[in-house]
Amino acid sequence: MARTDVRFRAAYNQTLDELAGQSPGDPLPSELKLAKALKVSRTVVRGVLKRLAEERIIGLDGRHKSLLRPTIEADRLPEREEYISLRELEGRFLDWVLRFDVPAGTPLNVAQLAKQFSVPPHLLQEFLASLDHFGLVERRPRGGWRLLGFTGDYAVELSEFRTLLEVNAARTVSALPETHPVWAALDALESEHLQLLDRIDTDFRDFSRLDEKFHGTINAVVKNRFVSDFQKVISLIFHYHYQWDKQRERDRNQAAVGEHLRIIAAMRSHDADAAQAAVQTHLATSKETLLASLRVNQLG
């Protein structure tokens, strides 16, 4: 999805090196040429150019770019990791959506969120652009982003595709030998589910992270990059919506924990048909919860 700030800093400093031998007024190469020279995306290049312009090192006039002043050592950025990783960003963004009930249509202030999540603005921009491909956010006409809601048709299509992926994953796990590392991971997950049941009255919201971990573990046995990316989308959409109806959140999460345990038991028995049935039952519940959350949102 997005790149780390380390790459941006390296690209920024490398651009300064390229400018060191030029004189004020000299033109800069095109974005495409810079991207090839720096071996980064054009999005990163645009971020570099924007920062150079803000520091009054270069001037931007449409596609024309020129050096305004000689570069100095103080212009360089320390090449150290001061920000969170992409994985942490994904987690924090999901947690923010979950914990603070961000409504559909909410404008996303990139500068504010970048500071809140401890990431540089260009990294957050790239992250939001990746979500745009799945219809989770959209660019606003006058710039910036907003969080989108989801229609009933979207929810149904997403649920159907999710079922195809996860049924296949569960059947694959059921056929794996006892020596496969997934069984140790499922043993640990079973223990975590049982522990959550013991404290479900107070910690029912902890199910969100456990659910993501559970489905991610099962889906990971299918070595497919698209499944991995899609799992992130599932986490954001399903968890975001099913927590809108607060009155039944605790009961829903408790029921889902039980469904997870039945899936684990079915896979452990190496009964692929039973595992498939357990997954289909669980995902049918998730689908109804998602559709119900949409109705709650429309009435709210």
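Heads up: the structure comes first, above all this text.
As the structure is a prediction and not an experimental result, all values here were calculated from the model.

Caption draft 1: How the structure looks around the sheet that holds strand β5 (residues 145-147). The 3 strands are arranged β3-β5-β4 in an open sheet whose pairing can be described as antiparallel. Here the strands that pair on one side only, and so sit at the sheet edges, are β3 (107-108) and β4 (137-139). The pairing of β3 with β5 spans 2 bridges and is antiparallel. Opposite Leu108, over in β5, you have Trp145 as the bridge partner. Strand contacts of helix α6 (residues 121-132): β3, β4 and β5, with the helix running at about 110 degrees to β4, the strand carrying the most contacts.

Caption draft 2: Representation of the packing of helix α7 (residues 152-174) against helix α10 (residues 207-219). α10 packs onto α7 with a crossing angle of 65 degrees between their chain directions and a minimal axis gap of 8 Å. Relative to α10, α7 is oriented roughly perpendicular. On α10, the residues touching Arg162, Leu165, Glu166, Ala169, Ala170 and Val173 of α7 are Asp211, His215, Ile218 and Asn219.

Caption draft 3: A look at the pairing of strand β1 (residues 58-61). Pairing geometry for β1 and strand β2 (residues 64-67), over 4 bridges, is antiparallel. By the bridge assignment, Leu60 is partnered in β2 with Lys65. Here β1 hands over to β2 after 2 residues, with Gly62 in that stretch at a positive phi of 65 degrees.

Caption draft 4: Seen up close, the nonpolar core. One finds Val173, Val182, Trp183, Leu186, Ile218, Ile263 and Met267 to be the most contacted residues of the largest nonpolar core, which totals 28 residues. For this core, the secondary structure elements donating two or more residues are α7, α8 (182-198), α10, α12 (249-268) and α13 (272-299). Of all the elements, α12 adds the most residues to this core, at 7 residues. Trp96, Leu124, Val137 and Leu147 belong to the second largest nonpolar core, which has 23 residues in total.

What counts, and where the lines are drawn
Residues numbered from 1 in each chain as written. Predicted model: local features only at pLDDT ≥ 70, side-chain atom pairs only at ≥ 80, totals over all residues. Heavy atoms only, no water. Pairing = 2+ DSSP bridges. Helix = DSSP H or I, 4+ residues; strand = E, 2+ residues; numbered from the N terminus. Contact = heavy atoms within 4.5 Å. Axes fitted to C-alpha atoms, helices over the stretch in contact; angles between N-to-C directions. Parallel < 35°, antiparallel > 145°, perpendicular 65-115°, else oblique. Core = buried A, V, L, I, M, F, W, Y, C linked by side-chain atoms within 4.5 Å. Buried < 20%, exposed > 50% of the residue type's maximum accessible area, 1.4 Å probe, protein only.

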